[in-house]
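Analysis of the macromolecular model
Now for the letters of each chain:
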Amino acid sequence: MAKQITKKIDLTGVDQRILFGQSDAFLRLIQGEFDAKIVARGDGIRLEGEEKEVEKIEKLFSDLVFYVKKNQELNEKYLLYTISMIKEGEKGPFEDLQTQTLVTSLTTKKGIKPRTLGQKDYLKAMEEYDIVLVIGPAGTGKTYLAVAMAVSALKQKRVGRLVLVRPAVEAGESLGFLPGDIKAKVDPYLRPVYDALHDMLSAEKMRRLLELGIIEISPLAFMRGRTLNNCFVILDEAQNTTSDQMKMFLTRLGEDSKAVVTGDITQIDLTNKSASGLVRSQRILSGIKGIKFVYLTEKDVVRHRLVQDVIKAYERSEARQKGGS
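Summarised in this report is the structure supplied together with it. (Residues numbered from 1 in each chain as written. Predicted model: local features only at pLDDT ≥ 70, side-chain atom pairs only at ≥ 80, totals over all residues. Heavy atoms only, no water.)

1. Topic: the pairing of strand 3 (residues 44–50)
For strand 3, the buried fraction is high: five of the seven residues fall into the buried class. Here strand 1 (residues 4–10) pairs with strand 3 via seven bridges, running antiparallel. The residue of strand 3 that forms the bridge with Thr-6 is Glu-48. As defined by bridge partners, strand 2 (residues 36–41) adjoins strand 3 across six bridges and the pair is classed as antiparallel. Bridging across to strand 3, Ala-40 finds its partner in Ile-45. Linking strand 2 to strand 3, which pair antiparallel, is a turn of two residues; within it Gly-42 sits at a positive phi near 60°. (Buried < 20%, exposed > 50% of the residue type's maximum accessible area, 1.4 Å probe, protein only. Helix = DSSP H or I, 4+ residues; strand = E, 2+ residues; numbered from the N terminus. Pairing = 2+ DSSP bridges.)

Below you can see the structure in the form of structure tokens.
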């Protein structure tokens, strides 16, 4: 029989309304995730149960207390991420996630920084490598963090221009049938990039930078034949490029420039999914010094908590289909 223990955690100086959540919602969530009894009483909590479970909860609250004291807030996304790490036998992420803010969000008025260890590795790669290819599911911050890093580099004058690129239409950029001028044709496909920029730059600032050409948002087809010097270049939704398009994009890079390529290889819209330039790049570019591949997972999802469950459900379904084929 596993050893049963009791431990007390002192919460003096911690705002329990933040730590436990509204109407103790966070406390109930934690209780449901672990097989030990948690009793809140006065300026502390008492833990009762098997030694291993109690130790996990103790590590969890140690991390959460530091987080609350530092930020004077706690959100469900951080709580769930920390629980997942503790359950996997790791320590809480708070200490490792302490890093410098890139830029400030105009929406939340808070600094934009990594929210998972995978995101931290992604930002480190963008700092250290001239070409970074990041692959991961929806909601992991691939595009948003790349734009934040690019805006930060522009503000610090480490680059002179931002060039943000997307394949405009899934299977080869067939824009002709769409109504309107070229801007009207491609804007819907570039909307996620615009949304990220609007969260980091005022409307007037962004309008001026676009007019001056300091920020350029363009379909991938318009990159052919160009050389991009002193630029931070982002290719978004790269899973929908062909291998030739990927080669064309990467060979645009000029002096004093960085390129970040983002994509989700589970959401390829090309008819021949195996022809994806992002998929093939993993084999073609592996081992080249100065190029870094970063892989994010469902643990790095920072959208609604159900997004992780959706991703896992589809992964299980696809695994069953492959197993039955």
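So much for the structure itself; the text now carries on.
2. Thoughts on the sheet that holds strand 8 (residues 258–263)
Read across the open sheet, the six strands follow the order 6-5-7-8-4-9; overall the sheet is parallel. Looking at the sheet topology across the chains shown, the edges are occupied by strand 6 (215–219) and strand 9 (291–295). If you compare each strand with its neighbour and ignore which way they point, the axes differ by 15° on average. Here strand 7 (residues 231–235) runs beside strand 8; their pairing, made up of four bridges, is parallel. Considered in strand 8, the bridge of Leu-235 is made with Val-261. Its contacts with the sheet put helix 6 (residues 142–155) on strand 4 (131–135), strand 5 (161–166), strand 6, strand 7 and strand 8, and the angle it makes with strand 7 is roughly 170°. (Axes fitted to C-alpha atoms, helices over the stretch in contact; angles between N-to-C directions. Contact = heavy atoms within 4.5 Å.)

3. Focus on the packing of aromatic side chains
Here the structure, examined in full by the defined rule, presents four aromatic pairs. A centroid spacing of 6.3 Å and a plane angle of 10° characterise the contact between Phe-66 and Phe-94, whose relative ring orientation is stacked. Residue Phe-66 is found in helix 3 (residues 51–71), and its partner Phe-94 is found in the loop between helix 4 (76–87) and helix 5 (117–128); the two are separated by 28 residues along the sequence. Residue classification places Phe-94 among the buried positions, given a relative accessible area of 13%. For the pair Tyr-67 and Tyr-78, a centre-to-centre distance of 3.9 Å together with 20° between the ring planes defines the contact as stacked. With Tyr-67 in helix 3 and Tyr-78 in helix 4, this pair connects stretches of sequence that are eleven residues apart. (Phe/Tyr/Trp six-rings, centres within 6.5 Å; stacked < 30°, edge-to-face > 60°.)

Any functional reading would require information beyond the geometric quantities listed.
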